[in-house]
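Residue-level listing of the chains:
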Amino acid sequence: MKRLPALVFLLMLGSCAGPSPPSLPPGPPDPSVLLSGGACLGALADHGVVFEKVEDFGTPGSCGVRTAISLRQSTATMSAPVTVGCTLAFVLNSYERRIVQPAAQRHFGQPVVRLRHMGGYACRERSSGGGRLSEHALGKAIDIGGFELADGTVIDVEDDWSVGGRKEAFLREVSAGACRLFSVVLTPNHDRDHHDHIHLDIGPWRLCGT
């Protein structure tokens, strides 16, 4: 992956290579205008996101999260509270409202009520090595293992990615759509490390691994 200057990254966040995602319906301001600090916390509250503010931690060049929160519910309830940076939560909320929920209505006629995640903040290096911190170590990434619908149906990334039918179609659609909002999207198509989840992050790199 090639590193992009910050300004170029912000301008390009709305697009990346990969399968063409559905057109986005009218909605809130483009999340490529990444909010931070108090403005971000206010935006989450305005959109009904349920969270608790967590004291910021870490030092430059090490693990840590700025404008840290414990995210409880976006449009869907999190399977467990997860520590992330507010900016990641803001983009995740836009993703749910603009990509996930419309796709769930199209494929299943009901909403996603629970997001089954596999972790947000974690102080570790990238799985591919190289000594560089993972975006998880900065609170800028989350791994999604599945989606639970209102009737209890579960769409599981590991079990349903290649089974055909509505579940696979939904997973492929929400993964491709994620590339419009996140900087890096990694799926079971990318490598074996992502066989059971969709990795979403807002770091300074660009990759649509769908």
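First, a word on scope: everything that follows refers to the structure included in this document. (Residues numbered from 1 in each chain as written. Predicted model: local features only at pLDDT ≥ 70, side-chain atom pairs only at ≥ 80, totals over all residues. Heavy atoms only, no water.)

Another point: the overall build of the protein chain. When helices and strands are tallied, the protein chain shows 5 helices and 11 strands. Residues classed as buried in the protein chain amount to 47% of the 210 residues present. Across the protein chain, every contact between residues at least 6 apart in sequence was considered, and the portion connecting residues at least 24 apart equals 58%. Per element, the accessible surface of the protein chain, about 9,300 Å² overall, is 54% carbon and sulfur. (Helix = DSSP H or I, 4+ residues; strand = E, 2+ residues; numbered from the N terminus. Buried < 20%, exposed > 50% of the residue type's maximum accessible area, 1.4 Å probe, protein only. Contact = heavy atoms within 4.5 Å. Areas by Shrake-Rupley, 256 points an atom, 1.4 Å probe, with all protein chains shown as cover.)

This brings us to the side chain of Ser183. Note on placement: Ser183 falls in the loop between α5 (165-178) and β9 (184-186). Within the structure, Ser183 has its side chain in polar contact with the backbone oxygen of Gly203 (distance 2.9 Å). (Polar contact = N/O pair within 3.5 Å; in protein donor to acceptor, adjacent residues only side chain to side chain.)

We now examine the state of the cysteines. The full count for this structure, using the stated rule, is 3 disulfides. The side chain of Cys40 participates in a disulfide bridge whose partner is Cys86; the two sulfur atoms lie 2.1 Å from each other. One quick way to see it: the torsion about the S-S bond of Cys40 and Cys86 is about -100°, and its sign makes the bridge left-handed. Remark: Cys86 occurs in helix α3 (residues 86-108) and Cys40 occurs in helix α2 (residues 37-46); sequence separation between them is 46 residues. Like Cys86, Cys40 is buried. (Disulfide = S-S within 2.5 Å.)

A separate point is the packing of α2 against α3. A pair of packed helices is characterised by two quantities: the angle between their axes and the separation of those axes. For the pair α2 and α3, interaxial distance at closest approach is 9 Å and the crossing angle is 35°. For the pair α2 and α3, the crossing hand works out as left-handed. Contact residues: Cys40, Leu41, Ala43 and Leu44 in α2; Cys86, Thr87, Ala89 and Phe90 in α3. Looking at the contact of α2 with α3 residue by residue, the class counts come to 7 nonpolar, 1 polar and no charged. (Axes fitted to C-alpha atoms, helices over the stretch in contact; angles between N-to-C directions. Left-handed = near helix turned anticlockwise from the far one by under 90°. Nonpolar A, V, L, I, M, F, W, Y, C, P; charged D, E, K, R; others polar.)

Glancing now at the environment of Ala76. Structurally, Ala76 is set in the loop between β4 (68-73) and β5 (77-85). Here the alpha-carbon distance between Ala76 and Arg116, two residues 40 residues apart in the chain, equals 9.6 Å.

Moving on, we get to unusual backbone geometry. Positioned with a positive phi, Thr67 is a non-glycine residue whose angle comes to about 50°. Residue position: Thr67 is located in the loop between β3 (64-65) and β4. Taking relative accessible area as the criterion, Thr67 reaches 13% and is therefore assigned buried.

Geometric descriptors of this kind do not, in isolation, establish any biological role.
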